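Here's the letter readout for the chains.
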Amino acid sequence: MLYERLTLSADKEKVLKLAEKGQILKTSKDLVKDPFVLEFLDIKENTKYLESDLEKNILEHLKEFLLELGKGFSYVGNQVRLTLEEEHFYPDLVFYNRLLKCFVIIDLKIGKVTHQDIGQMQMYVNYYDREIKQDDENSTVGILLSTNKNETIVKYTLPEDNKTIFSSVYKLHMPKEQELIMAIEEEKKNFELNESLDKKQGLVK
């Protein structure tokens, strides 16, 4: 499935590195795939579903989801209640990664990620860091898993030195043959365009 992952990913170099060397966890960013491929959920294309439906389906396929997340993950709970001054909040999924020694909170979103979603995740991460994690554990990681991560909103909502909150896309299906062909053609065009620009600038002889 490497080629399909490369086609879907915006960071192809990272995906290739992962395929060649396996998953190496050194920083919190290493936990995050982009995209996550959730084809095992068997949700049919072009069907309407709620975030609660997605969460329920993931829990029913928890073993497969843990494998998709990568190394070292263990399940802590779903809809784990946080109470702040009598107001309750419920992160969708909470995991623990024993290799990086940190909690990982995942919120599921259908559609675009908003700055409110990012702010809420920041609150979850802050709460776990200040109230739940032990002194010998690392900072909590928050992942917003959506169908559209809205990169511009993410870029300007989070600080430049952010190392704990990430937005990633999930795909329910691998691309069809025609979609792969179109993606290949698009890559070829981009390559040829970049090569042409380099030649004009004297970068390629």
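All of the points below concern the structure found in this document. Values in this document were obtained by computation on a predicted structure and should not be read as measured data.

1. Focus on the overall build of the protein chain
Consideration 1: When helices and strands are counted, the protein chain shows 7 helices and 8 strands.
Consideration 2: Looking at the protein chain residue by residue over its 205 residues, the buried ones come to 38%.

2. Comments concerning helix α5 (residues 115-132)
Consideration 1: With 18 residues, α5 extends 25 Å between its outermost C-alpha atoms, agreeing within 8% with the 26 Å of an ideal straight helix rising 1.5 Å per residue.
Consideration 2: Restricting attention to buried positions, one finds in α5 the residues D117, I118, M121, Y124, V125 and Y128. Seen end-on, α5 carries its buried residues on one side only, within an arc spanning 120°. In this structure, α5 carries R130 and E131 as exposed residues pointing more than 90 degrees from its buried face.

3. Some thoughts on the side chain of D92
Consideration 1: Locating D92 in the fold gives a position in the loop between β4 (87-89) and β5 (93-97).
Consideration 2: For D92, which is buried and forms no salt bridge, the nearest opposite charge comes from K109, at a distance of 5.5 Å.
Consideration 3: Discounting residues that sit within four places of it in the chain, D92 has contacts with E55, G77, N78, Q79, I106, D107 and L108.

4. Points about the pairing of strand β7 (residues 141-148)
Consideration 1: Extensive coverage of β7 is indicated by the burial of 6 of its 8 residues.
Consideration 2: Bridge count for strand β6 (residues 102-112) against β7 is 7 bridges, and the pairing is parallel. From the neighbouring strand, D107 faces β7, where its bridge partner is L144.
Consideration 3: Traced from β6 through α5 to β7, the parallel crossover comes out right-handed.

5. Considering the environment of T83
Consideration 1: Residue placement: T83 occurs in strand β3 (residues 82-84).
Consideration 2: If sequence neighbours within four positions are ignored, T83 has contacts with H88 and Y127.
Consideration 3: At a separation of 2.9 Å, a polar atom in the side chain of T83 contacts the side chain of H88.

6. So, the environment of Q122
Consideration 1: Within the secondary structure layout, Q122 lies in helix α5.
Consideration 2: On the accessibility criterion, Q122 (27% relative accessible area) is partly exposed.
Consideration 3: Considering only alpha carbons, one finds Q122 and T164, 42 residues apart in sequence, at a separation of 8.8 Å.

7. Digging into the packing of aromatic side chains
Consideration 1: Following the criterion strictly, the structure yields 5 aromatic pairs and no others.
Consideration 2: Centre to centre, the rings of F73 and F95 are 6.3 Å apart; their planes meet at 90°, and the pair counts as edge-to-face. Highlighted residues: F73 in strand β2 (residues 73-78) and F95 in strand β5, separated in sequence by 22 residues. Like F95, F73 is buried.
Consideration 3: Consider the rings of Y75 and F95, whose centres lie 5.9 Å apart with planes at 65°: the pair is edge-to-face. Here Y75, found in strand β2, pairs with F95, found in strand β5; they are 20 residues apart in sequence, far enough to count as distant.
Consideration 4: Take Y75: its relative accessible area is 33%, and that puts it in the partly exposed class.

8. Let's talk about the nonpolar core
Consideration 1: Ranked by internal contacts, the top residues of the largest apolar core, which has 18 residues, are F65, L93, F95, V104, I106 and L108.
Consideration 2: Those elements giving two or more residues to this core turn out to be α3 (51-60), α4 (62-69), β5, β6, β7 and β8 (165-171).
Consideration 3: At 4 residues, the largest contribution of residues to this core is made by β6.
Consideration 4: In terms of nonpolar packing, the next biggest core, distinct from the first, is built from 16 residues, L82, Y124, V125 and V154 among them.

9. Some points on the environment of T114
Consideration 1: Among the structural elements, T114 can be located in the loop between β6 and α5.
Consideration 2: Taking the C-alpha atoms as reference points, T114 and I153, 39 residues apart in sequence, are found 6.8 Å from one another.

Criteria and cut-off values
- Residues numbered from 1 in each chain as written.
- Predicted model: local features only at pLDDT ≥ 70, side-chain atom pairs only at ≥ 80, totals over all residues.
- Heavy atoms only, no water.
- Helix = DSSP H or I, 4+ residues; strand = E, 2+ residues; numbered from the N terminus.
- Buried < 20%, exposed > 50% of the residue type's maximum accessible area, 1.4 Å probe, protein only.
- Expected span 1.5 Å × (residues − 1).
- Arc of directions from axis to C-beta.
- Lys, Arg positive; Asp, Glu negative; His and termini not counted.
- Salt bridge = Lys/Arg side-chain N within 4 Å of Asp/Glu carboxyl O.
- Contact = heavy atoms within 4.5 Å.
- Pairing = 2+ DSSP bridges.
- Right-handed = clockwise from strand over helix to strand, strands pointing away.
- Polar contact = N/O pair within 3.5 Å; in protein donor to acceptor, adjacent residues only side chain to side chain.
- Phe/Tyr/Trp six-rings, centres within 6.5 Å; stacked < 30°, edge-to-face > 60°.
- Core = buried A, V, L, I, M, F, W, Y, C linked by side-chain atoms within 4.5 Å.

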